[in-house]
Amino acid sequence: MDTNLCGDSRRSSSMKFALLLLLHSLLHLSSYKCVSLSGQPQEDLLDHKCLLNKFTHRSCNKVFCQPWQRCVDGTCVCKLPYLCPKHGIPVCATNGRDYPSYCHQKSLECLQPATKFSYNGTCTTEEKFNISLSYGTTKSEGIVQVKLVDQDEKMFVCKEGWTMTEANVACFDLGYQQGALVTQRSFNITEELRLNSTECLNVRCRGVETSLAECTFTKRRTNSYQDLADVVCYTQDADSLTNQSFQCVNGKHIPQKRACDGVNDCGDQSDELCCKGCKDNAFHCKSGVCIPSRYECNGEVDCITGDDESNCKGLARSNPGEEIEEIEILTADMDTERQRLRSLLPKLSCGVKKNTHTRRKRVVGGEPAEVGDFPWQVAIKDGERITCGGIYIGGCWVLTAAHCVRPSRHQHYQIWAALLDWQKLNSQLKVQRVNRVIVHENYNGRTYQNDIALIEMKKSPGKKECELPHSVPACVPWSPYLFQPNHKCIISGWGREKDNQKVYSLRWGQVKLIGNCSKFYPTRYHEKEMQCAGTEDGSIDACKGDSGGPLVCQDVNDVTYVWGIVSWGENCGKPEFPGVYTRVANYFDWISNYVGRALISQHNV
């Protein structure tokens with residue numbers, strides 16, 4: 001049913017393209033152009049529709065929250081300290097107090113920004129980390145000098161390894177909320193700079209720090225002041241706004257050519273979160289995010305889609321800075337501690353099949369399912385008939401379409417799990433009664449908006465949980481950017497064939513996600529709440545009886561997510577009428593409000 005809508009929507013004639021460029025030039029809409037280093041126009045890598053969302057480093061639809069944050073309504077918010085892991089390495093904060101872990105301190109700093117990290121370990125001295133800028137013409141610029149807590153005197157920072165990442169953190173530390181303007185500028189030094197020693201400090205940051213004290217320092221030999229790092233922090237006075245500027249969400253302006261290069265020039269990451277592609281030395285996540293290429297295959301998942309750590313066998317990269325000649329490590333590696341804290345977040349067992357049967361090389365529409373193929377698929381039986389499908393998401397909970405169920409009839413429903421053929425019942429079948437039905441409060445039966453419902457199954461007598469030995473929950477997606485148009489996904493159910501013939505065995509087929517379906521369903525399609533899917537010829541489609549069942553998609557690690565719930569459509573099996581599904585990611589918070597976030601949250605908890 002796909003009709004290649006997504007592919008066609010991206011094509012335009014050379015004449016249209018030329019006219020667009022001319023129009024943009026006349027209107028000075030430079031934010032819609034991307035200029036190469038040579039000054040020649042190149043393909044615009046920015047997704048301007050995405051930019052309207054104003055995504056930043058706190059947008060958990062695009063990025064992972066830090067261990068001291070949690071995701072609420074698409075935004076990373078401060079986690080209360082007691083929600084941090086109980087065990088950790090104690091740290092001392094700038095208020096002179098000890099905290100049991102880095103997570104506790106960062107959580108408190110998130111709530112009270114003045115409570116910054118000072119040093120690793122318990123507080124034993126009144127000394128504090130200090131950063132200053134020297135030899136600049138204003139207080140917002142200069143050569144970077146720091147005083148470490150356990151060192152006797154200030155030292156300069158080395159230029160080698162000094163990037164926009166470190167520069168932003170340094171400026172944050174100095175009180176400039178928008179970070180750095182540039183990392184290098186020649187300063188007029190009236191007298192020869194006398195170095196305190198033949199050494200400088202090499203610093204390495206991740207970019208999530210708010211103080212340079214959290215970064216890792218090592219000593220390094222130096223020969224002259226030309227080897228020292230300098231910075232110009234961003235101020236409105238220093239803003240060099242041009243018609244080639246990109247405006248960050250925080251109000252900062254950067255050159256357009258620095259967007260989508262994997263470098264967080266904005267300081268809030270807004271220049272890297274809406275990219276159709278990335279420049280050299282950057283890795284393009286399938287979610288439209290550019291990350292530094294050194295993050296690929298570094299052992300930590302940085303793309304929410306996980307593709308930066310797929311196909312990494314034999315490609316593990318070393319940490320940046322390891323090749324630098326290091327004489328002495330002076331501070332603890334708090335980035336390693338951040339990674340350790342992140343590894344302690346809850347892990348869920350969802351979306352991974354227990355069986356290991358061979359995957360078919362070719363998917364054909366209407367194939368009968370085998371035992372274990374779709375362990376999250378359930379049937380909803382109302383009286384003597386199977387009326388709808390559903391998706392098991394863990395615990396005692398099943399997702400389905402709102403139009404399939406009524407709360408007042410919950411005693412009439414049964415959940416049939418691990419069912420293959422409802423004429424020839426298989427031995428793995430498990431029947432559960434229903435405790436309650438929750439229909440979305442804004443469900444509109446006329447437009448099918450918010451066509452989603454939850455079914456809570458009854459626990460077996462004497463049992464604390466529902467027991468479904470042959471079922472595996474599908475993962476619930478928290479971000480609408482996990483899968484993009486043209487991604488191949490699977491639909492399954494007991495729905496009727498195109499000629500209205502009954503189907504008794506569970507059948508399945510492969511479809512492609514389709515972009516905005518307003519072309520097919522004018523005035524009826526709501527992009528935020530709905531998802532279209534189908535095939536080019538319409539040969540595979542959901543039909544009557546499939547309602548409430550799953551549209552599931554697998555990520556690069558073969559983890560299955562329930563991306564959609566069969567909702568509505570017209571004329572089963574025709575290419576100009578693709579199936580419409582409830583977009584589950586839009587309802588992550590609604591679902592977690594009832595089932596509990598710990599049941600469905602793998603990230604950002």
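Residues numbered from 1 in each chain as written. Predicted model: local features only at pLDDT ≥ 70, side-chain atom pairs only at ≥ 80, totals over all residues. Heavy atoms only, no water.

Now, about the packing of aromatic side chains: what can you tell me, with residues and values included?
Counting across every chain of the model gives 12 aromatic pairs. Geometrically, the ring pair formed by Phe 483 and Trp 563 is edge-to-face, given 5.1 Å between the ring centres and 85° between the ring planes. On the criterion of sequence distance, the pair formed by Phe 483 in the loop between strand E25 (453-457) and strand E26 (488-493) and Trp 563 in strand E30 (residues 560-568) is long-range, its members being 80 residues apart. Note on Trp 590 and Tyr 594: the rings are 5.4 Å apart at their centroids and 65° apart in plane angle, and the pair reads as edge-to-face. Pair noted here: Trp 590 and Tyr 594 are both in helix H7 (residues 588-595), with a separation of four residues, about one helical turn. (Phe/Tyr/Trp six-rings, centres within 6.5 Å; stacked < 30°, edge-to-face > 60°. Helix = DSSP H or I, 4+ residues; strand = E, 2+ residues; numbered from the N terminus.)

Run through the pattern of salt bridges, naming residues and quoting values.
Under the definition given, this model contains 18 salt bridges. Put simply, Lys 106 and Glu 214 hold a salt bridge, and the shortest N to O gap is 3.1 Å. Taken together, the residues Lys 106 in helix H4 (residues 102-111) and Glu 214 in the loop between strand E12 (199-204) and strand E13 (216-221) connect sequence positions 108 residues apart. A relative accessible area of 4% places Lys 106 in the buried class. Among the residues examined, Glu 214 registers a relative accessible area of 2% and is labelled buried. Between Arg 597 and Asp 589 there is a salt bridge, with the nearest N and O atoms lying 2.4 Å from each other. Arg 597 sits in the partly exposed class, given a relative accessible area of 21%. (Salt bridge = Lys/Arg side-chain N within 4 Å of Asp/Glu carboxyl O. Buried < 20%, exposed > 50% of the residue type's maximum accessible area, 1.4 Å probe, protein only.)

Summarise the sheet that holds E25; cite the residues concerned and give the values.
The strand order around the closed barrel formed by six strands is E20-E21-E22-E25-E24-E23, and the pairing between neighbours is antiparallel. Strand-to-strand twist of the sheet, defined as the mean angle between neighbouring strand axes without regard to direction, takes the value 40°. Pairing between strand E20 (residues 377-382) and strand E23 (residues 413-417): five bridges, direction antiparallel. Within E23, the residue paired with Ile 380 across the bridge is Ile 415. In the packing of H7 onto the sheet, contacts are made with strand E21 (385-394), strand E22 (397-400), strand E24 (430-439) and E25, and the angle to E25 comes to roughly 25°. (Pairing = 2+ DSSP bridges. Axes fitted to C-alpha atoms, helices over the stretch in contact; angles between N-to-C directions. Contact = heavy atoms within 4.5 Å.)

Let's hear about the confidence of the model for the chain: which residues, and what values?
Averaged over every residue, the pLDDT of the chain is 82; the share at 70 or more is 81%. In the model, residues 356-365 has pLDDT below 50 throughout and makes 15 contacts with residues more than four positions away in sequence or in other chains. (pLDDT = per-residue confidence, 0-100.)

I'd like a description of the sheet that holds strand E5 (residues 91-93), backed by residues and values.
Through backbone hydrogen bonds, the strands of a sheet pair up, either in parallel or in antiparallel fashion. As summarised here, the arrangement of the three strands in space is E6-E5-E7, forming an open sheet in which the pairing is antiparallel. Every other strand in the sheet has two partners, leaving strand E6 (98-99) and strand E7 (117-120) as the edge strands with one partner each. As defined by bridge partners, E5 adjoins E7 across three bridges and the pair is classed as antiparallel. Counterpart to Val 91 in the pairing with E7 is Asn 120.

Got a sec to walk through the state of the cysteines? Specific residues and values, please.
Scanning the entire structure with this criterion turns up 19 disulfides. The disulfide partner of Cys 171 is Cys 233, and the S-S distance across this bridge is 2.1 Å. The S-S bond linking Cys 171 to Cys 233 shows a torsion near -90°; that makes this disulfide left-handed. Pair noted here: Cys 171 is in helix H5 (residues 164-173) and Cys 233 is in strand E14 (residues 230-233), with a separation of 62 residues, a long-range link. Residue class for Cys 171 comes out buried when judged on its relative accessible area of 0%. Of the residues examined, Cys 233 reaches a relative accessible area of 0% and is grouped as buried. (Disulfide = S-S within 2.5 Å.)

Please set out the pairing of E22 residue by residue, giving values where relevant.
Remark: a regular strand shows side chains that alternate across the two faces of the sheet. Because side chains alternate across E22, one face comprises the buried residues Trp 397 and Leu 399, and the other comprises Val 398 and Thr 400, equally buried. Two elements, E21 and E22, share three bridges in a ladder whose sense is antiparallel. By the bridge assignment, Ile 391 is partnered in E22 with Leu 399. Once E21 ends, the chain turns through two residues before running back antiparallel as E22, passing Gly 395 with a positive phi of about 60°. Both E22 and E25 contribute to a ladder of four bridges, which runs antiparallel. The partner of Leu 399 across the bridge, within E25, is Leu 454.

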